[in-house]
Amino acid sequence: MVDQSAAVQTRALRPPLDRKRVYTSQFNNMVRADTLPSRVMVLDTTLRDGEQTPGIALSTEDKILIAQALDELGVDVIEAGFPAASVGEQEAVGKIAKLGLKSRVCGLARCVKRDIDVAADCGLDYVHTFIATSDIHLKHKLKMTRPEVMARAVESIEYAKSRGLTVEFSCEDATRTDLDFLKEMHVAVQKAGVDKINVPDTVGTISPSAMEYLIKELMTVTKVPISVHCHDDFGLAVANSIAAVRQGAQQIHVTINGLGERAGNAALEEAVLALMAFYETDMSIDTRKIGPTSKLVSRLTGYAIPGNKAIVGNNAFAHESGIHVHGVLGDPSTYEAFGPEMVGVQRSIVIGKHTGAHSVKEKLREYGMELSDEQVTQVVDKVKKLADGGKDVDDAELVALASHIVGKREAHQVKLKEFAVFTGMNTTPTAVVSIDVRGEKKTGTAIGIGPVDAAINAIKTVMGSDISLEEYRLSAITGGSDSLCEVTVRIARNGGKKTMSIGKAVGTDIVQTSVDSTMEALDRLFSH
Ligand code: KIV
Ligand code: ZN
């Protein structure tokens, strides 16, 4: 097994997953390869390849926030960007390099002296340099011969080493490169002093078994740690990363949420969990930070996480079918490989066509509603009828349905009497509300980041500090500036008997609709 030299080893290991709470197939153990390293390093390239996702451009401030989150998450190396790409990129990478993070920080550089100088001059001590080696790239892109490419790689690595850098090198398009030439490249760059060699599947064109073959071959000539960088063009980036590790690769390149050029890169959350759960691989990742980091990256990049995305998608721990919910309520291992808390996300029960009484009862209990069995059956029937008609029922609608069936929604406990909001250019949005709380009129004023924030803050001022806004969801129903909007608000009262409530409203004015939905949620919260 290859030793990890001090130049490439970085973070301390995190405790492994609690095996008593992981329920993966026992057959994984039966095919554990002898060549599998016990420790695998993670190089996160969200800030470099991830930023190459069409439509994503991050400000320096956002890049710093993401770098700090990746550091907290525990990645070994953060590829912070491609410093020679622009002045802004150079500035951002330089700032990240100087944050004093526990993760190593590296920057991408072509095998070009200037790129390496820019990386070193912005304060990096680790560079990831690359040149294409496949005949396709040599002929159609670089217009260089194999000996020319090899000479350029060697020269660049020697130069980077002379500048005191840790050097990781990639033969771009390695998986479509002639194997003999690829091996010659590996030998040559090791002679030049490279610290780590990355094997990119640049166009995502290899299969897992072919990746195993390739890494096994490369291991015969490679004494420094091998890394792997897989793209998802065939949806196999994670499988290929794991295949490479099975044959001895000691590092994987990944991105949060699988962002990256075209179909993206191997997703950190999937690759890390698979390695830890299937093979008990030692890693430096704090898995509980995966969910929050994924959300942060989604928010700052503006790139939504698909609901069905493994590990971090909204549906990853959501259970809809009555059979599943029954099982999960009995013991989550029935339908979960591990608990959502292990990756910092939440389990949820979703109401739909396959819903049964257990789901409805449990869901309504979350909102402080206890229904008789007969009432629950009525709710289930209604939900199924709606679902058969193509309508999905969210929490707010379920609560409204149940309230209607329970039928004792008396006079409003909490009623909006007056409401005004002031906003404009160079003005701090300010709102005033008067609310009738069980017959007593109370007035409150607050400011906010925007008019909606100011309005909701004013309501909170009136209703007391134990009320918190847990979720605010806004969607447009039609397409023009006269669109209807739909706002769903989930609020919680800390310490009270009924702790959670939900409200939903539809209207043309976003602020008014937000206030209406908040008032509905509050009224429900207080009507017990
Ligand atoms: O996909 C790729 O080949 C890359 C290189 C820069 C390593 O991102
Ligand atoms: Zn890439």
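Residues numbered from 1 in each chain as written. Chains lettered and ligands numbered in written order. Predicted model: local features only at pLDDT ≥ 70, side-chain atom pairs only at ≥ 80, totals over all residues. Heavy atoms only, no water.

A.B. asks: Could you give an account of the nonpolar core, with specific residues and numbers?
C.D. replies: Membership of the largest hydrophobic core comes to 94 residues, with the highest contact counts inside it found for Val 42, Phe 169, Ile 252, Leu 268 and Ile 290. A total of nine residues in this core trace back to one element, the largest contributor, which is helix 10 (residues 268–279). Each of domain 1 (33–301) and domain 2 (318–405) gives at least three residues to this core. In this structure, Val 414, Ile 435, Met 463 and Val 515 belong to the second largest nonpolar core, which totals 26 residues. (Core = buried A, V, L, I, M, F, W, Y, C linked by side-chain atoms within 4.5 Å. Buried < 20%, exposed > 50% of the residue type's maximum accessible area, 1.4 Å probe, protein only. Helix = DSSP H or I, 4+ residues; strand = E, 2+ residues; numbered from the N terminus. Domains from an automatic or database assignment.)

A.B. asks: Which residues make up the packing of aromatic side chains, and what values do they have?
C.D. replies: Counted according to the given criterion, the structure contains two aromatic pairs. Between Phe 278 and Tyr 279, the ring centres sit 6.3 Å apart and the planes meet at 90°, which makes this aromatic pair edge-to-face. Note on Phe 278: relative accessible area 31%, which makes it partly exposed. Residue Tyr 279 is classed as buried on the basis of its relative accessible area, which comes to 8%. Ring geometry for Phe 317 against Phe 338: centres 5.8 Å apart, planes inclined by 65°, an arrangement best described as edge-to-face. With a gap of 21 residues between them, Phe 317 in the loop between helix 11 (290–301) and strand 9 (318–319) and Phe 338 in the loop between helix 12 (322–330) and strand 10 (348–349) connect regions that are remote in the sequence. (Phe/Tyr/Trp six-rings, centres within 6.5 Å; stacked < 30°, edge-to-face > 60°.)

A.B. asks: Go over the site of ligand 1, please, and point to the residues and values.
C.D. replies: For ligand 1, the full set of nearby residues is Arg 48, Asp 49, Leu 108, His 128, Phe 130, Ser 170, Glu 172, Pro 200, Thr 202, His 229 and His 231. Side-chain polar atom of Arg 48 to an oxygen atom of ligand 1: 3.0 Å apart, as the coordinates give it. Between His 229 and ligand 1, the recorded distance is 3.1 Å, taken from a side-chain N or O atom to an oxygen atom. Bound to the protein, ligand 1 loses 94% of the 260 Å² it would expose on its own. Taken together, the elements giving at least two residues each to the shell around ligand 1 come down to strand 4 (126–132) and strand 5 (166–172). Among the residues forming the shell around ligand 1, the class breakdown is three nonpolar, five polar and three charged. (Near = heavy atom within 4 Å. Polar contact = N/O pair within 3.5 Å; in protein donor to acceptor, adjacent residues only side chain to side chain. Areas by Shrake-Rupley, 256 points an atom, 1.4 Å probe, with all protein chains shown as cover. Nonpolar A, V, L, I, M, F, W, Y, C, P; charged D, E, K, R; others polar.)

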